Amino acid sequence: MSNSTVPAKTRNFMSQFRDTKTKELKNLTSAQFMEVWSHYDHDGNGFIEGKELDNFLREFISSVKSIDARPEAVSDTMLAEIKECFMEAYDDNKDGKIDIRELAQLLPLEESFLLLFRFDNPLESSVDFMKIWSKYDTDGNGYIDSEELKNFLRDFLKEARKDPVSDEKVNEYTETLLHIFDSNKDGKLQLNEMAKLLPVKENFLTRSSLKAANLTKLDIERVFAIYDRDNNGSIENEELTGFLKDLLEMVKKDCNSSIDVEDLKAFKDSILSACDYDKDGKVNKKELTTILLALSKHSQEP
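Computed from a predicted structure; not experimentally measured.

1. Overview of the overall build of the chain
Along its length, the chain carries 14 helices and two strands. Classification of the 302 residues of the chain by burial places 43% in the buried group. Contacts in the chain between residues at least 24 apart in sequence constitute 58% of all its contacts with a sequence separation of at least 6.

2. Overview of the packing of helix α2 (residues 51-62) against helix α3 (residues 76-90)
For the pair α2 and α3, interaxial distance at closest approach is 10 Å and the crossing angle is 100°. What the angle tells us is that α2 and α3 run roughly perpendicular. Here α2 contributes Leu53, Asp54, Phe56, Leu57, Arg58 and Ile61 to the contact with α3, which in turn contributes Asp76, Leu79, Ile82, Lys83, Phe86 and Met87. Broken down by class, the residue content of the contact of α2 with α3 amounts to eight nonpolar, no polar and four charged.

3. Observations concerning the environment of Glu147
Within the secondary structure, Glu147 is located in helix α7 (residues 146-161). Overall, Glu147 belongs to the partly exposed group, its relative accessible area being 45%. With 24 residues separating them in the primary sequence, Glu147 and Asn171 have C-alpha atoms 9.3 Å apart.

4. Here's the deal with the packing of aromatic side chains
What the rule picks out here adds up to 15 aromatic pairs. Measuring from ring centre to ring centre gives 5.8 Å for Phe13 and Tyr40, while their planes differ by 85°; the resulting arrangement is edge-to-face. Taken together, the positions of Phe13 in the segment before α1 (30-40) and Tyr40 in helix α1 put the pair 27 residues apart, joining distant regions of the chain. Residue Tyr40 is classed as buried on the basis of its relative accessible area of 2%. Ring centres 5.9 Å apart and planes at 70° place the aromatic pair Phe33 and Phe113 in the edge-to-face group. Taken as a pair, Phe33 in helix α1 and Phe113 in helix α5 (residues 111-115) lie far apart in primary sequence, 80 residues in all. Across the pair, exposure class does not vary: Phe33 and Phe113 are buried alike. Each member of the aromatic cluster is reached from another via a ring pair, and the members are Phe13, Phe17, Tyr40, Phe56, Phe60, Phe86 and Tyr90.

5. Some remarks on α1
The buried fraction of α1 amounts to eight of the eleven residues, a majority that puts the element mostly inside the structure. Along α1, the residues classified as buried are Ser30, Gln32, Phe33, Met34, Glu35, Val36, Trp37 and Tyr40. Turning to α1, the residues buried within the fold contact α2, α4 (100-106), α5 and α8 (167-181).

6. Some points on the packing of helix α12 (residues 238-252) against helix α13 (residues 261-275)
Two packed helices can be described by the angle between their axes and the distance between those axes. Remark: α12 packs on α13, axes separated minimally by 10 Å, with the N-to-C direction vectors making an angle of 95°. Looking at the two axes, α12 sits roughly perpendicular to α13. Across the interface between the two elements, Leu240, Thr241, Leu244, Lys245, Leu247, Leu248, Val251 and Lys252 from α12 touch Asp263, Leu264, Phe267, Lys268, Ile271 and Leu272 from α13. The residue makeup of the contact of α12 with α13, split by class, is nine nonpolar, one polar and four charged.

7. Looking at unusual backbone geometry
A positive phi angle is found at Lys23, which is not glycine, with a value near 65°. Here Lys23 lies in the segment before α1.

8. What about the side chain of Glu239?
Here Glu239 is to be found in helix α12. No salt bridge is formed by the buried Glu239; its nearest oppositely charged neighbour, Lys131, is found at 6.0 Å. Not counting residues within four places of it along the chain, the set of residues in contact with Glu239 comprises Val127, Tyr227, Asp228, Arg229, Asp230 and Ser234.

9. Comments concerning the pattern of salt bridges
Enumeration over the complete set of coordinates arrives at twelve salt bridges. For Asp167, the salt bridge is made with Arg154, and the minimal N-O distance between the two is 3.7 Å. Of the two residues, Asp167 is situated in helix α8 and Arg154 in helix α7; the sequence distance between them amounts to 13 residues. The class of Asp167 is partly exposed, set by a relative accessible area of 48%. Its salt-bridge partner being Glu172, residue Lys169 comes within 3.4 Å of it at the nearest N-O pair.

Thresholds, definitions, all that
Residues numbered from 1 in each chain as written. Predicted model: local features only at pLDDT ≥ 70, side-chain atom pairs only at ≥ 80, totals over all residues. Heavy atoms only, no water. Helix = DSSP H or I, 4+ residues; strand = E, 2+ residues; numbered from the N terminus. Buried < 20%, exposed > 50% of the residue type's maximum accessible area, 1.4 Å probe, protein only. Contact = heavy atoms within 4.5 Å. Axes fitted to C-alpha atoms, helices over the stretch in contact; angles between N-to-C directions. Parallel < 35°, antiparallel > 145°, perpendicular 65-115°, else oblique. Nonpolar A, V, L, I, M, F, W, Y, C, P; charged D, E, K, R; others polar. Phe/Tyr/Trp six-rings, centres within 6.5 Å; stacked < 30°, edge-to-face > 60°. Lys, Arg positive; Asp, Glu negative; His and termini not counted. Salt bridge = Lys/Arg side-chain N within 4 Å of Asp/Glu carboxyl O.

Here is the structure:
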């Protein structure tokens, strides 16, 4: 939807998405949602925060009053009160900013597109994420291209809705998701970009007990049980890449840098070279103990 459809006198971006009589928000298409997101995420960093968030809230609230409502109609005092209530309701991870999924909880989207953002239950672990990644990166080239993303969307929406979505809609959703999540604009989703679309509930390795100096046998048993999903006594295949993804995110956390498939491959080679004592390409409990002890030591260092 182009801004040209908004009356020239309109000073409030959000007013175009409200019914002129009832002032209720209309159901947004994927393209309109993308337009709202791009408008308020002004610096394109993947969050609506700081002045961006204040601007969004002022316009969101004042647009209820009039199609020509000016944002400044919301006083600083009123904004502070609204912001506190808003963040309590929609800032799920309590980081003080709004991400794409949190915005999707607020705006009324068409049903199919909404399903892509509103998971009642995010992925349980990075093992689940890596299984999905392996399934749809069919050529194994380290990214999800537009055709692979379309296959993912068809399967996901079919499972969620129990009826097929038209090819036209799948193409529209694919284009929209690439616009939102393809941060380097290369027309495909890298590992870290896909991870934003499919968030994991928790990186188990971030639990404080695993970074403590007094790492216990029970801690190690719990980690092994989390990643040895098939209970065969080894962490292997997607179990191993899921574990290494979590571990690499832990190691690189202080650098605020993202990871891609090449990072993961190099990290896997490094870890297995140092800790895979029987050279079987898997991690058993003894080898895991070595890795976790090294992680604990790393966490204690300045």
